[in-house]
Structure formats: structure tokens, C-alpha cells
Amino acid sequence: MEAGGAGEVDHLAGERATAQFDVDHMKVAWAGSRHAVDVADRMARLVASDPVFRKDNRTMLPRKELFKDTLRKAAHAWKRIVELRLTEEEANLLRLYVDQPGYVDLHWGMFVPAIKGQGTEEQQKKWLPLAYKFQIIGCYAQTELGHGSNVQGLETTATFDPKTDEFVMHSPTLTSSKWWPGGLGKASTHAVVYARLITEGKDYGIHGFIVQLRSLEDHSPLPGVTLGDIGGKFGSGAYNSMDNGVLRFDHVRIPRDQMLMRLSQVTKEGKYVHSNVPKQLLYGTMVFVRQTIVADASKALSRATCIAVRYSAMRKQFGPQTGGPETQVLNYKTQQSRLFPLLASAYAFRFVGEWLKWLYTDVTHKLEAKDFSTLQEAHACTAGLKAVTTSATADGIEECRKLCGGHGYLNSSGLPELFATYVPACTYEGDNVVLLLQVARILMKTVSQLASGKQPVGTMAYMGNVQYLMQCKCGVNTAEDWLSPAAIREVFEARALRMAVNCAQNINRAPSQEEGLYELSPDLLEVAVAHIQLIIVTKFIEKVEQDIPGEGVKEQLRNLCNVYALYLVHKHLGDFLSTGCMTARQGALANQQLGKLYAQLRPNAVALVDAFNYTDHYLGSVLGRYDGNVYPALYDEAWKDPLNDSPVPDGYREHLRPLLKQQLKLSRL
Ligand SMILES: CCCCCCCC/C=C\CCCCCCCCCCCCCCCC(=O)SCCNC(=O)CCNC(=O)[C@H](O)C(C)(C)COP(=O)(O)OP(=O)(O)OC[C@H]1O[C@@H](n2cnc3c(N)ncnc32)[C@H](O)[C@@H]1OP(=O)(O)O
Ligand SMILES: Cc1cc2nc3c(=O)[nH]c(=O)nc-3n(C[C@H](O)[C@H](O)[C@H](O)COP(=O)(O)OP(=O)(O)OC[C@H]3O[C@@H](n4cnc5c(N)ncnc54)[C@H](O)[C@@H]3O)c2cc1C
């Protein structure tokens, strides 16, 4: 798929020959189905072969050019989608492989879902066809200069005026300026704006409104609307292709029917009516996007590990004392112990993401049938998994950069830009700490209900087994015993439950529940992480228990699952020991087994990243090339830097020459 032209050499062929499994079948296990592999393959090639989607010069473009390049790519992508009549699945993959954040992400990812989830049928009929055909471009304007995490603290107002049957949108303070929404700065014509609904003199809290921002004739801001981009962001290239924006309203009037009225309504007379549904449905768009972010985490981490594994397999440093060839850095045990858990995490996040998508679809069907019983489970899982997977992915990309030594620091390695583009995922769609505290609160509530005999359900069902899990002893006696899924599952369940119960007891000792939650919030974060890691481990185990075709594929996945779980045991040993879930000796045995698993993984490492099936275009890294022919590529890439346009740099005459001449004169004195 990659280089492969006549006369080209596969420098990693030796690595590929040692694989002990059928890579083609692993591609299917990774993608989810043969169909998914084929579609992804087609879309990846479509993008890679189209010069408009070139991205190798992206980090060198000034911001204005980068933004224009994004507009060009989005328009071209849309043209191809229409011309080729691509399905939604294909269009989504096309966007993935184009690999450039832009307004379309928010248009499709948040504006459209907000109207679908919170608009009435009539509103959907009116707005969705316009959005589907890009006759309007929308964004999601929630966060303000003064408040992002605290949604209930937003200040923008939407005051109903019964005389004209309109809402008056207003930004009463500087801190009420909308600040951050992607696509708002330059591209959007419309926004779903979250504002405090005020009618009959009463503040009914945050609601969504569709507001036109720019003229559909010449794109200029409408009267009373102040709009702009909020400025350059972290890293070169990266998220700077996105026009995150600022928006202020000066008494802008919109018709009453542009309030999203599925959950609550305002009548012509100004009466507020709330439908008999939980008010948290207002947060539904965020739940949807958090779920997609979990799926995307595995893509970003697999990309970074693909680069680091391939490069580590071709890179050599030092050699045996006795002479002979130098050692591939991938053979160093330290390199393996840093890299293989990340590779295993990429697979773990892929499968938990797949499961979360199923959960989300299931909850959506239940909500449609007015069954709200699983809303809390959906919130806890999407928030918690979003937080744990994005933090681990961002840290993992940075670790992969370090694993590639000095060359990893070059833009041409692809890793700096990948990190800079990815790291805001720890903040957007809910700061990870804020989200974990949400999970912890739900866990505390569940613990407090155990005494009353209320049986927890879904991913918290294990907490119902409290009598056993609070006192069970880990039965591991040998390193091999750690290969038992039951043993792994039990220690993760016991750790999560014991941490939650300990924390709940400490909170109960505080003067008030609120004070307890406040004082113990650092511990609560760890409780939430333990619970979410249990979910990821469990879903990986369940995946491996399924029927998985292909020679050796199941064995490799089992190996990766064990690496993921035992790496977490090793990393969080303090939790496992302090809660008495296992002994120090059992901890040492886990680490011993982990070392054996790394050795088994080693001959399969390159093939395991090949199974991601990424094109060189998508990877965007000279270090991660499929053929492993890194050095000529690195050398060639350097000469493309604009600084090398001329042998003598701009500025020589003004700043270097006088300096050098002056030094010459001084030395003659
Ligand atoms: C250039 C080339 C392109 C090519 C183009 C090709 C063409 C394209 C074709 C197709 C493309 C397809 C594209 C798809 C793209 C998809 C990708 C999308 C990418 C998106 C990128 C993301 C950008 C980021 C966007 C944002 O950041 S938006 C803003 C997000 N903001 C937040 O997340 C704020 C976080 N804060 C909160 O959520 C809340 O304030 C809080 C912290 C939860 C607190 O809530 P609250 O104040 O209400 O109080 P609590 O008391 O804490 O809660 C009350 C009860 O409510 C429960 N609760 C809370 N939240 C929820 C919830 N979400 N659901 C359910 N229940 C909830 C809580 O548990 C409490 O319950 P109780 O029982 O205790 O009362
Ligand atoms: C690249 C990017 C794109 C974005 N796109 C959009 C968009 O399209 N639309 C949109 O509406 N918004 C968007 N946002 C905004 C984003 O959703 C918010 O930045 C995010 O929700 C975090 O809120 P904040 O900035 O207010 O952080 P803050 O809440 O101010 O966080 C600051 C610090 O305070 C801590 N903190 C806050 N509350 C608590 C608490 N209760 N307990 C303990 N610690 C706490 C946090 O952990 C953090 O360390 C985007 C942001 C970024 C970076």
C-alpha cells in the first residue's frame, strides 16, 4: 500500500517476516469488519493520491495561508463527496485522512447533532436540509471568556420580547463574550448559541438558540454581531487551521422559533413550559462528541506508536562489547517497556471506543422511547472514558516523540504536530479533571446506596458484589497466574471498589458532604481513574473472549490485553497494595510476567502497527515510513525548509556581516 514501487527496498522486511499472526486478519479485528478495512483503504488512497490534500508543508505555512488551505481542502473534500456520492461512513473517513481540523468538524460534529437532539421536528425540517447541503455553516457556541467548565455560569442572555415574538440575544459583560467555539471566528454563518433564557422577568437557565451571525450574501457579520478569531494556538500547523472564535451580541433579535424547543418551550405569550424530560438532555451534544473523542483517541495513539515502533526497529545505537552489528533500539528492554504499553493502550482504546459507540446507540434508542434510566451511565462512561483515554493518548504521543530521540523533535517526524493538535482534547469537550470529578460523584452516590440494597447496574454492577470484593485475596502464586483474565478482573474490581468505599467513608467523616467532596477531590480523581481503567480492561478481556478469526490474531490480542492490564498494575501498584488487593510479592510477579509478555510481543511489533493500515500520507512522518527508509527521507526533508532556500540567509547583510566585520576589527587592535 505504501512505497512498494519497482526497485524500492523494504528495510523492515525482516521485522515483518517474524510476525506470528495473520496481519490481514488483524486489520479486520482493528477496523471492526472486512467492509470497514476496504472502505478505509479506499478513502485513505483517495486522499493520499490527491495533491490538494498535500500536508507535508503545513507546519511552514503562515496562519492566514494555513487557514485558506483549510478552506480549500474542505471545499474540495465536499466536492469529491458530492461527485463520488460518498456515504456518511466514507465521508467520515475522508475527513479523518484529510487530517486537518477545520470548521466542518464543528458543523457536522456539534451544530447538526445539537439541532437533531434539541430541535423539534419542525425545526429539524427547516434547518437540517440547509446544513446538510452546506447552504449554511454552523458552529457550537457555548463556552465564554469567563466560563467554560461551569455551563450553568454562562452569562449571555436571551430575553423574550412578547411584543415582537422575538428573543433578544445580548452579551452583557466582557466575560460573557463567546470564546473558543471552532469555526466561529471566520467560517460560520450560524451558531447554536447557549444563553440564559429570561422570560416574564425570570431566569430559566441555559438553553440553546439558533442564531444567524453572517450575511449569506457577502459573509459580513450581521448588525449587532461582533466576530473574530481568538488568535494563534500552541504548535506550528496543528490546531491553527481552526478558526476558534469570539462573538458578542448587542441586542440582536431572533424569532421565537429559533429557540431549540424539544426539551422546553416558550409560548407566544412568554410562558415557559418544560417538557417532562431530564434537563440534562441539554448536554446531549457533549455526550455524543465525548463518545467520538474516545474513538479518535485510539487513532491518534496508534499513529504515534506506529511511527515510534517502525523507527525503533530501524534505528540502531551501540552494539555488543564483542563487536558485531549495532543493536536496534527496539531491542532495548527500556524501549520496549516504554513503547509496548502504549501500543497495547492503542488497541485497548480502540475496543473500548467500539463498545462505547454501542452503548451510546443503545442509550439513544432508550431515550427515544422515553426511558431515561441509562442517562447517568452514558454520562459517566463518556465523561470518564473521554478523560482517561485523551490524557493517556496525549502523554503517549509525547512519550513516542522522546522514544524517537532527537529526530522525534523534528517537525518532519510528524510527532510534534500530532501532539500539538491532539493535546487540547484533554481540555475541550470538558476539562479532564472536571469530567473525572463527575464520574467520582456518581460513584460516591452509588456507594452510598449500597447499604440500602440498591443494586448498581451497567458498568457499576461489580459494586453490588461488595461483600466479596472488600475482603477477597488475590490468588496469584506464579508469574503465569497473572495470565488469567479472572484474576486480572478481580484485582481491578477490588481496587476500584475499595478505593471508592474508602473515599466515601472519609467524605462521611467531613462536617458536610460538600466539604468532604471538596477536601477529598484529589482522591476522588484517583477513584474515578481506577473505575474507568477497570472498564477498559474489562472490555478488552471481553473482546478477546469473542470469536476472532485469523491465524494467531486472538493470541496477539490476548497478549496485548495482558500487557495493558499488567502495565496498569505495575504503574498503580500503590493503589493495589494500599487497598490490600494484592501483596508486594504478587506485584513483583506481575512485573516479571510483563517482561515475558514484552519479549513475546517483540517479533510482532512491526506487524502489529502495520495492522492499523495507515498510509504514509496519513502518518505524515519520515520516521514512520512503511519501508523504513528513514535517512534519505530525513535528509531530503531538511532541504525543503524555507530557511534553506538560499545558502546565505536573509538578514546576513544587516545583522551578521556587521557583527563579523566588527569582530575582525577588534581582533586587529
Ligand atoms: C479540512 C478538511 C475537512 C474535510 C471535510 C470532509 C467533509 C466532512 C464530512 C463529514 C464529516 C463528519 C465530521 C464529524 C466530526 C466529529 C468530530 C467532532 C470533533 C469535535 C471537536 C471538539 C471541539 C470541542 C467542542 C467543545 O469544547 S464544546 C464545549 C464543551 N464544554 C464542556 O464540556 C463543559 C463541561 N461542563 C459540563 O459538562 C457541566 O457543566 C458539568 C461539569 C457536567 C456540570 O454540570 P451542572 O452544572 O449542570 O451540574 P452538576 O450538579 O454537576 O450536574 C447536575 C446533574 O446532571 C448530571 N449530568 C451532568 N452532565 C450530564 C450529561 N452530560 N448527561 C447526563 N447527566 C449529566 C450530573 O451527574 C448531575 O446528576 P445528579 O443525579 O447528581 O443530579
Ligand atoms: C482547541 C479548543 C477547541 C474548543 N472548541 C470549542 C467549541 O467548539 N465550542 C465551545 O463552546 N467551546 C469550545 N472550547 C472550550 C472548551 O470546551 C473549554 O475550554 C473547556 O470546557 C474547559 O473549560 P475552561 O476553559 O473554562 O477551563 P477552566 O474550567 O477554567 O479550567 C481551568 C483549571 O481549573 C480546573 N477546574 C475547573 N473547575 C474545577 C472544579 N470544579 N474542580 C477542580 N478543578 C477545576 C481545571 O481542571 C483546570 O485545571 C474549545 C477549547 C479548546 C482548547
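Position labels on residues start from 1 in each chain and follow its written sequence. Both sets of labels track the order of writing: A upward for chains, 1 upward for ligands. Given that this is a predicted model, residues contribute local features only at a pLDDT of at least 70 and side-chain atom pairs are listed and counted only at 80 or more, while totals for whole chains, interfaces and linings are drawn from all residues.

Considerations on the overall build of the chain
Each helix corresponds to a stretch of at least 4 residues labelled H or I by DSSP, and each strand to a stretch of at least 2 residues labelled E; elements are numbered beginning at the N terminus. Per the secondary structure count, the chain includes 23 helices and 13 strands. Atoms considered for the radius of gyration are the C-alpha atoms alone. The globule rule reads 2.2 Å times the number of residues to the power 0.38. In terms of overall dimensions, the chain is globule-like: its C-alpha atoms have a radius of gyration of 27 Å, near the 26 Å expected for 669 residues. With the C-alpha coordinates aligned to their principal axes, the bounding extent of the chain is approximately 90 × 80 × 65 Å. Taken over 669 residues, the chain has a buried fraction of 46%. Contacts here follow a simple rule: the backbone-placed C-beta atoms of the two residues must lie within 7 Å. Considering only intrachain contacts with a sequence separation of at least 6, the fraction spanning at least 24 residues in the chain is 75%. Remark: C-beta atoms are placed from the backbone, and a residue is labelled buried if 20 or more other C-beta atoms sit within 10 Å of its own, exposed if 12 or fewer do, or partly exposed between those counts.

Remarks on the sheet that holds strand β4 (residues 178-179)
Whether two strands pair comes down to DSSP finding at least two bridges between them. Sheet architecture is open: three strands sit in the order β4-β8-β7, paired in antiparallel fashion. Two strands bound the open sheet, and with one partner strand each, they are β4 and β7 (225-229).

A few points about the pairing of strand β5 (residues 190-199)
Most of β5 is tucked away, with nine of its 10 residues classed as buried. Pairing of strand β1 (residues 138-141) with β5 involves four bridges; the strand directions are parallel. Bridging across to β5, A141 finds its partner in V193. Here β5 runs beside strand β6 (residues 202-212); their pairing, made up of nine bridges, is antiparallel. Looking at β6, one finds that T199 is bridged to K202.

Description of the domain arrangement of the chain
Where interface size is quoted, it is often the accessible area lost as the parts come together. Domain assignment breaks the chain into domain 1 (138-276) and domain 2 (285-317 + 326-455 + 470-609). Domains are outlined according to an automatic or database domain assignment. Each of domain 1 and domain 2 has a C-alpha centre, and the two are 36 Å apart. Contacts between domain 1 and domain 2 engage eight residues on the former and nine residues on the latter. Its residues placed into classes, the side of domain 1 that touches domain 2 shows four nonpolar, four polar and no charged. Side-chain classes are defined by residue name, with Ala, Val, Leu, Ile, Met, Phe, Trp, Tyr, Cys and Pro counting as nonpolar, Asp, Glu, Lys and Arg as charged, and the others, Gly among them, as polar.

Notes on helix α7 (residues 121-132)
Each residue after the first adds 1.5 Å to the expected span of a helix. Taking 1.5 Å of rise per residue, the 12 residues of α7 would be expected to cover 16 Å, and the 16 Å separating its terminal C-alpha atoms lies within 8% of that figure. Just downstream of α7, F134 is the residue with a positive phi angle, here 60 degrees.

Structural notes on the site of ligand 1
Residue proximity rests on one test: whether the C-beta atom, placed from the backbone, lies within 6 Å of the molecule or strand. The environment of ligand 1 is formed by 39 residues, the closest being G109, Q280, Y283, H379 and G430. Only α4 (63-83), α5 (88-98), α6 (103-118), α8 (284-314), α10 (375-403) and α12 (432-450) provide two or more residues apiece to the shell around ligand 1. It is α4 that contributes the most residues to the shell around ligand 1, six residues altogether. Its residues assigned to classes, the shell around ligand 1 shows 19 nonpolar, 16 polar and four charged. For the shell around ligand 1, the two domains that each supply at least three residues are domain 1 (138-276) and domain 2 (285-317 + 326-455 + 470-609).

What about the environment of L197?
As for its placement among the helices and strands, L197 is situated in strand β5. Sequence spacing of L197 and I137 is 60 residues, and the spatial spacing of their C-alpha atoms is 24 Å. Ignoring anything within four residues of it in the chain, the contact list for L197 reads A158, Y204, G205 and H207.

Some details on the nonpolar core
Soluble globular proteins: nonpolar side chains tend toward being buried together. Core analysis: the biggest nonpolar cluster contains 180 residues, and F209, I307, V352, I397, A500, V563 and Y564 have the highest contact counts within it. Counting residues per element, this core draws most heavily on α8, which supplies 17 residues. A set of buried Ala, Val, Leu, Ile, Met, Phe, Trp, Tyr and Cys residues, joined through C-beta atoms within 7 Å, is what we mean by a nonpolar core.

Section: the pairing of strand β2 (residues 157-161)
Burial along β2 is one-sided: the residues A158 and F160 are buried and none of T157, T159 and D161 is. What sits between the antiparallel neighbours β2 and strand β3 (residues 166-170) is a turn of four residues, in which D165 has the positive phi angle 60 degrees.

Some details on the packing of helix α17 (residues 553-571) against helix α19 (residues 584-601)
Here α17 crosses α19 at 145 degrees, and the two axes come no closer than 9 Å. Considering how the two elements wind past one another, α17 and α19 form a crossing that is left-handed. Between α17 and α19, the contacting residues are N559, N562, V563, L566, Y567, V569 and H570 on the first element and A590, N591, Q593, L594, L597, Q600 and L601 on the second. Its residues assigned to classes, the contact of α17 with α19 comprises eight nonpolar, six polar and no charged. Orientation is described by lines fitted to C-alpha atoms, with helices fitted over the stretch in contact, and by angles between N-to-C directions that extend from 0 to 180 degrees. In a left-handed crossing the near helix is turned counterclockwise from the far helix by less than a right angle, and in a right-handed crossing that turn is clockwise.

As for the site of ligand 2
The environment of ligand 2 is formed by 22 residues, the closest being Q142, T143, G148, S149 and V433. Sorting the residues of the shell around ligand 2 by element identifies β1 and α12 as the ones contributing at least two each. Among the elements that take part in the shell around ligand 2, α12 stands out by supplying three residues, more than any other. Per-class residue counts for the shell around ligand 2 are 11 nonpolar, nine polar and two charged. No fewer than three residues from each of domain 1 (138-276) and domain 2 (285-317 + 326-455 + 470-609) sit in the shell around ligand 2.

Quick notes on the UniProt feature "active site" (unreviewed entry) in the chain
Mapped onto this numbering, the UniProt entry gives "active site" (unreviewed entry) at E429. When you line up the elements, E429 lands in the loop between α11 (415-422) and α12. Here E429 falls in the buried class, since 25 other C-beta atoms lie within 10 Å of it. Residues within four places of E429 in sequence aside, it is in contact with M286, V289, R290, I293 and K386. UniProt positions are given in the numbering used here, feature names are shortened, and annotations may be inferred rather than shown by experiment.

Some words on the UniProt feature "domain: Acyl-coenzyme A oxidase N-terminal" (unreviewed entry) in the chain
Sites flagged by UniProt as "domain: Acyl-coenzyme A oxidase N-terminal" (unreviewed entry) map to residues 22-137. Between the end C-alpha atoms of residues 22-137 the distance is 45 Å, and the span holds 72% helix and 0% strand.

Side note on the confidence of the model for the chain
Averaged over the chain, the pLDDT score is 96; the fraction of residues at 70 or greater is 99%. One confidence number per residue, pLDDT, is output by the predictor and ranges from 0 to 100. Contacts of residues 1-6 to residues separated by more than four positions or lying in other chains number nine contacts, the stretch itself having pLDDT below 50. Across the interfaces of the predicted complex, the ipTM metric reaches 0.98, alongside a pTM of 0.97.

Re the environment of A17
Tracing the backbone shows A17 in helix α1 (residues 13-17). Since 10 C-beta atoms lie within 10 Å of it, A17 is described here as exposed. Residues A17 and P603, 586 residues apart in the sequence, show an inter-C-alpha distance of 8.7 Å.

Topic: the environment of T322
Mapped onto the elements, T322 comes out in the loop between β12 (316-317) and β13 (327-328). T322 gets classed as exposed once you count the C-beta atoms within 10 Å, which come to 5. Taking the C-alpha atoms as reference points, T322 and L260, separated by 62 residues in sequence, lie 74 Å from one another.

Quick notes on helix α3 (residues 34-48)
For α3, with 15 residues, the first-to-last C-alpha span of 21 Å sits near the 21 Å given by 1.5 Å per residue. Residues of α3 that are buried: A40, M43, A44 and V47. The arc enclosing the buried residues of α3, seen along the axis, measures out at 100 degrees, which places them on a common side. Away from its buried face by more than 90 degrees, α3 exposes R34 and H35. For this quantity, the arc is that covered by the directions from the helix axis to the C-beta atoms.

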